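# Reading the structure
Here is how the chains run, residue by residue.
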Amino acid sequence: LHEGEECDRPRDDYRCDGAPVHGEHRQVQEADEAGWAIASKISQQINRQISLSPKNFGYAKWPALIRATEYFEEGKNSKGQQVFRIKKK
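Small disclaimer: the values here were computed from a predicted structure and weren't measured. (Residues numbered from 1 in each chain as written. Predicted model: local features only at pLDDT ≥ 70, side-chain atom pairs only at ≥ 80, totals over all residues. Heavy atoms only, no water.)

To continue, consider the overall build of the protein. When helices and strands are tallied, the protein shows four helices and three strands. Helices (α) and strands (β) of the protein occur, in sequence order from the N terminus, as α-α-β-α-α-β-β. Taken across its 89 residues, the protein has 34% of its residues classed as buried. Restricting to contacts in the protein with at least 6 residues of sequence separation, those with at least 24 account for 54%. If you sum the accessible surface of the protein, you get close to 5,700 Å²; carbon and sulfur atoms cover 46% of it. (Helix = DSSP H or I, 4+ residues; strand = E, 2+ residues; numbered from the N terminus. Buried < 20%, exposed > 50% of the residue type's maximum accessible area, 1.4 Å probe, protein only. Contact = heavy atoms within 4.5 Å. Areas by Shrake-Rupley, 256 points an atom, 1.4 Å probe, with all protein chains shown as cover.)

In structure tokens form, the structure reads like this:
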């Protein structure tokens, strides 16, 4: 896959796949007081802690996989950086 491309795997497949989701949940614990974590920092920390690649799941980059799980809200911070936080129930 190339940057910006996403596979057509159903989103339900990612919600059931525990390894990357649990890694992402750990990373969001590093978030600011409002719960937002910078996508690049999440990616760096996931890469250090688990030996998986987003390519194993059909995505070129971690933010695309994080988005596909539907467990996270996505936004931009004041510096224009992509950020994520766990969705509130």
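What follows is about the pattern of salt bridges. Using the criterion set out here, one finds two salt bridges in the structure. With its nearest N and O atoms 2.7 Å apart, the salt bridge here joins arginine 67 to glutamate 74. By relative accessible area, which is 40% here, glutamate 74 ends up partly exposed. Of the charged contacts, one joins glutamate 73 and arginine 85 as a salt bridge, the two residues approaching to 3.3 Å between their closest N and O atoms. On the criterion of sequence distance, the pair formed by glutamate 73 in strand E2 (residues 72-76) and arginine 85 in strand E3 (residues 82-86) is long-range, its members being 12 residues apart. What makes arginine 85 buried here is its relative accessible area of 17%. (Salt bridge = Lys/Arg side-chain N within 4 Å of Asp/Glu carboxyl O.)

Attention now moves to the nonpolar core. If you look at the biggest cluster of nonpolar residues, it comprises 14 residues, and the most contacted ones within it are Ile42, Ile46, Tyr59, Trp62, Leu65, Ile66 and Phe84. Among the secondary structure elements, those contributing two or more residues to this core are helix H3 (39-49) and helix H4 (62-69). Among the elements that make up this core, the one with the highest residue count is H4 (five residues). (Core = buried A, V, L, I, M, F, W, Y, C linked by side-chain atoms within 4.5 Å.)

So, about unusual backbone geometry. Phi is positive for glutamate 70, which is not a glycine, with a value near 65°. Within the secondary structure, glutamate 70 sits in the loop between H4 and E2.

All right, on to the sheet that holds E2 then. Pairing between the strands of a sheet comes from backbone hydrogen bonds, and it takes one of two forms, parallel or antiparallel. Spatial strand order, E1-E3-E2: three strands in an open sheet with antiparallel pairing. Two strands lie at the open edges of the sheet, namely strand E1 (37-38) and E2, each paired on one side alone. Of the strand pairs in this sheet, E2 and E3 are connected by five bridges, and their pairing is antiparallel. Counted as the bridge partner of glutamate 74 is phenylalanine 84 from E3. (Pairing = 2+ DSSP bridges.)

Residue classification places glutamate 73 among the partly exposed positions, given a relative accessible area of 25%. Distance from glutamate 73 to phenylalanine 84, taken between C-alpha atoms, is 5.5 Å for residues 11 residues apart in sequence. Other than its neighbours up to four places away in sequence, glutamate 73 contacts Trp36, Val83, Phe84, Arg85, Ile86, Lys87 and Lys88.

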